[in-house]
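Fold and geometry: a report
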Amino acid sequence: MQKSILCAVLLGIGGVAWGQAVAPRPAAAGPVAAPTLADLKKQFETAMRDAQKAHREALKALRQTYSDSLTKLQTELQAKGEMQGVLTIRDEKARFEQAGEIPPVALVTEPAALRKAQDDWNASCQQAAVAQAQKLVGLSEKYMQQLAQLQKSLTAKNDQEGLKAVNEETDRLLGNNVIREALALVKAAKPAAPEKVATPAPVKPEPAKTEVAAPAKPLDAKGIEVGDYKFYPTGKEPAVKDLKDQRLEFPTAERRNAAYFYTLGAKVYFDKDKLTSNKHNVYDYSIKEESGDLASIPRLTLACRNKDIPEGSQLVVQYYSRHIARSTDVREERVEHIKLPPLVRGQSLTVDGEGITLYKYDYRSSYGYRERNGREYYGLIISLFDPDGKLLMQQCTPSSLIKACTAGMAAAKEQEKPGRRN
């Protein structure tokens, strides 16, 4: 249903966006005046707004379809008396009503019908995003052609002022971030052209060897180990307390298009076993003192959407800290390389990084005196590389680390031993 809605709206745009359906004027009215820059600009902006509105309506229809599927599935499981499945679906319904999306950390393994509904939602959203990008690119290319035609007409008239306005509008069009992102997404979604292979000279045939490729195995519910790391199917990882969500940002609009193929999520939890706290009274005032090592450990979730992740790929995690009393004192503490198992489309895994350990000292009294020293966790840059070292995806948190993001693979770097250093 959502596809028919989207198509109907887009067809409506195509009928009016460029004035192709205008009824012919009587001959007595004289020649039709050529459209001005203002006319073309108004038509283009109207068509773009209509396309974006149609996309929002399509996403709204997809959300309703997913919500309806949860309701239907819950009813079916209630009839079967499957308590755990019903509870899982109720929790997902409540979460989805608030978020309106399904990040990797929300993907489940059971019930299987719920996971299928989640995968269907993600696939439909990606298809809608590509269709929307194609529409925006088409409208932009048509507008660019019209500007070129107008430029040719104004050149013939030697209208310098008009030419300047058209050139400025062309520059504005080419610099539009929405259009540039749409172009990148269309390019990323386009299947790669098959490589041309030279026809080899005929050779004497050898006996055929039948080799059957082993199918990709799903991650075991107990997890799989690669080197020093253990990977779990998302939703089956060990529980930890006080996980803090990390809002990941894309460093550039072009790199944002990697979300069509992969999805990355991150949380951080803090190990306070080596952090001591003391609070006591001295005469008529109180003292609170906290000191020791605090470990910050990331929990990373990676999901494949429309591309597999080959064996030998790796996540590279760059850890940053800041001085607890000087917020502008930010530095890279460690670079961790995590080799990944192969993943196919639809699979999702979760792994804990080794994290960083930082020393802190915080003394305060009820009289207002305070002394602070040491460092604290600040943020992460997380990059996904293929076996050849090509960057596939990159995100960071907070956004202030965008300036530190590069396409090259950062060399592994061990953290210095924590201690009383600034």
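Going by the structure above, here's the rest.
The notes below deal with the structure included here. (Residues numbered from 1 in each chain as written. Predicted model: local features only at pLDDT ≥ 70, side-chain atom pairs only at ≥ 80, totals over all residues. Heavy atoms only, no water.)

Let's talk about the packing of helix α4 (residues 112-157) against helix α5 (residues 160-174)
Axis separation between α4 and α5 bottoms out at 10 Å; the angle between their running directions is 165°. When the interaxial angle is binned, α4 and α5 end up roughly antiparallel. In this structure, the crossing between α4 and α5 has a hand that is left-handed. Here S140, Y143, M144, L147, L150, Q151, L154 and T155 of α4 come into contact with α5, specifically with G162, L163, V166, N167, E169, T170, L173 and L174. Here the residues of the contact of α4 with α5 are counted per class, giving 9 nonpolar, 6 polar and 1 charged. (Axes fitted to C-alpha atoms, helices over the stretch in contact; angles between N-to-C directions. Helix = DSSP H or I, 4+ residues; strand = E, 2+ residues; numbered from the N terminus. Parallel < 35°, antiparallel > 145°, perpendicular 65-115°, else oblique. Left-handed = near helix turned anticlockwise from the far one by under 90°. Contact = heavy atoms within 4.5 Å. Nonpolar A, V, L, I, M, F, W, Y, C, P; charged D, E, K, R; others polar.)

A closer look at unusual backbone geometry
Cis peptide bonds are those with omega within 30 degrees of zero, and the linkage from T397 to P398 qualifies with 0°. Take P398: it is sitting in the segment after β12 (391-397). Look at N158: it is not a glycine, yet its phi comes out positive at around 60°. The topology assignment puts N158 in the loop between α4 and α5. Of note, the phi angle at D242 is positive, near 55°, even though the residue is not glycine. Residue classification places D242 among the exposed residues on the basis of a relative accessible area of 58%. (Buried < 20%, exposed > 50% of the residue type's maximum accessible area, 1.4 Å probe, protein only.)

Here we look at the environment of Q415
Mapped onto the elements, Q415 comes out in the segment after β12. According to the relative accessible area criterion, Q415 is buried, its value standing at 18%. Sequence-distant contacts of Q415, defined by excluding residues within four places in its chain, comprise E333, R334, I356, T357 and L358. Polar contacts involving the side chain of Q415 include one to the main-chain carbonyl oxygen of T357, which spans 2.5 Å. (Polar contact = N/O pair within 3.5 Å; in protein donor to acceptor, adjacent residues only side chain to side chain.)

A word on the pattern of salt bridges
All chains considered together, the criterion is met by 18 salt bridges. Taking the shortest distance from any N to any O, the salt bridge between K267 and D245 comes out at 3.8 Å. Placement of K267 in strand β4 (residues 262-271) and of D245 in strand β3 (residues 244-245) is noted, with a sequence separation of 22 residues between them. A relative accessible area of 22% means that K267 is categorised as partly exposed. Take D245: its relative accessible area is 59%, and that puts it in the exposed class. For the salt bridge of R326 with D329, the shortest nitrogen-to-oxygen distance reads 3.4 Å. Judged by its relative accessible area of 40%, R326 falls in the partly exposed class. D329 gets classed as partly exposed once you look at its relative accessible area, which sits at 24%. (Salt bridge = Lys/Arg side-chain N within 4 Å of Asp/Glu carboxyl O.)

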